[in-house]
Amino acid sequence: MSFVGIAAKAGTVSANIKKLINTGEGSPGLASRIGTTSARITEFVSGEASPGIAHALGTTTANAQLLRDSIGRDGAIGLIIGLACGLGRED
């Protein structure tokens with residue numbers, strides 16, 4: 001499966017989207033896009049919210065953690081991709 005269009009909109013490359021989905025590892029492109037670090041994305045997918053992720057969501061770290069706990073790993077991956085695709089976009 002190719003994620004070229006999604007990757008381009010998210011500020012990264014297709015291989016990094018695949019890596020996020022398959023291993024839960026964040027990439028510098030995704031991290032830069034949402035205003036956090038690759039490690040924080042990886043931690044969020046693994047189960048721990050951070051202030052950077054919370055800021056991207058416009059909420060507190062505690063609320064981001066509640067959300068992460070509710071949506072699980074797959075939801076966290078979808079959320080990261082959605083944030084990266086949507087931030088700063090007017091279209």
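My aim in this report is to walk through the structure given alongside it, one point at a time.

Reading the values: the criteria
- By convention here, each chain's residues receive numbers from 1 onward along its written sequence.
- Residue-level local features of this predicted model are given only where pLDDT is at least 70; pairs of side-chain atoms are given and counted only at 80 or more, and the full residue set underlies all totals for whole chains, interfaces and linings.
- Excluding hydrogens and water, the side-chain values take into account all heavy atoms of the structure.
- What counts as a salt bridge is simple: a side-chain nitrogen of Lys or Arg found within 4 Å of a carboxyl oxygen of Asp or Glu.
- Strands are runs of DSSP state E lasting at least 2 residues, helices are runs of H or I lasting at least 4, and numbering of each runs from the N terminus.
- Each residue is placed in one exposure class: buried if its accessible area under a 1.4 Å probe, protein chains only, is under 20% of its type's maximum, exposed if it is over 50%, and partly exposed if it falls in between.
- Whenever a nitrogen or oxygen atom comes within 3.5 Å of another N or O atom, the pair is scored as a polar contact, on the condition that within protein one atom can donate a hydrogen and the other can accept it, and that pairs from neighbouring residues in sequence are kept only if both atoms are in side chains.
- Whether two residues touch is decided by their heavy atoms; if any such pair falls within 4.5 Å, the residues are in contact.
- Whenever a helix is involved, its axis is fitted only over the stretch in contact; in every case the axis is a line through C-alpha atoms, and angles between N-to-C directions fall within 0 to 180 degrees.
- To sort the angles, those under 35 degrees are grouped as roughly parallel, those over 145 as roughly antiparallel, those from 65 to 115 as roughly perpendicular, and the leftovers as oblique.
- Each residue gets one of three labels, nonpolar for Ala, Val, Leu, Ile, Met, Phe, Trp, Tyr, Cys and Pro, charged for Asp, Glu, Lys and Arg, and polar for the others, Gly among them.
- By definition here, a helix of n residues has an expected span of 1.5 Å times n minus one.
- Fitting axes to the seven residues ending at a residue and to the seven starting there, one defines the bend at that residue as the angle between these axes.
- Take the far helix as your reference; a near helix turned counterclockwise from it by less than a right angle gives a left-handed crossing, and one turned clockwise gives a right-handed crossing.

### Things to note about the pattern of salt bridges
- Considering all chains together, one arrives at 3 salt bridges under this definition.
- R40 is the salt-bridge partner of E43, the closest N and O atoms lying 2.8 Å from each other. Of this pair, E43 and R40 both sit in helix α4 (residues 38-46), 3 residues apart, roughly one helical turn.
- Of the residues examined, R40 reaches a relative accessible area of 34% and is grouped as partly exposed.
- Salt-bridge contacts for D74 lead to R73; the nearest nitrogen and oxygen are separated by 3.8 Å.
- By relative accessible area, which is 62% here, D74 ends up exposed.

### Focus on the environment of R33
- Relative to the elements of secondary structure, R33 occurs in helix α3 (residues 28-34).
- Overall, the relative accessible area of 25% leaves R33 in the partly exposed class.
- Polar side-chain contacts of R33 include one of 2.8 Å to the backbone oxygen of A84.

### Considering the side chain of S14
- Considering the arrangement of structural elements, one finds S14 in helix α2 (residues 14-23).
- By relative accessible area, which is 17% here, S14 ends up buried.
- With residues near it in sequence (within four places) discarded, S14 still touches S2, F3, V4 and A7.

### A closer look at the packing of α4 against helix α6 (residues 61-86)
- With their axes 7 Å apart at the nearest point, α4 and α6 run at an angle of 110° to one another. Relative to α6, α4 is oriented roughly perpendicular. Each of I41, F44, V45 and S46 in α4 lies in contact with α6, whose residues at this interface are A64, R68, R73, A76, I77, L79 and I80.
- Grouping the amino acids of the contact of α4 with α6 by side-chain chemistry returns 8 nonpolar, 1 polar and 2 charged.

### Overview of α6
- Over its 26 residues, α6 extends only 20 Å from the first C-alpha to the last, a length that falls short of the 38 Å expected when each residue adds 1.5 Å.
- The largest bend along α6 measures about 115° and falls at G72.
- For α6, the complete set of buried residues consists of A64, R68, A76, I77, I80, I81, L83, A84 and C85.
- Contacts made by the buried residues of α6 are with α1 (4-10), α2, α3, α4 and α5 (51-57).

### Observations concerning the packing of α2 against α6
- One way to put it is that α2 packs onto α6 with a least axis distance of 9 Å and a crossing angle of 160°. The pairing of α2 with α6 is recorded here as roughly antiparallel in orientation. Both α2 and α6 take part in a crossing whose hand is right-handed. Taking contact as the criterion, the partners of I17, L20, I21, N22 and T23 in α2 are, on α6, R73, I77, I80 and I81.
- Split by residue class, the contact of α2 with α6 holds 6 nonpolar, 2 polar and 1 charged.

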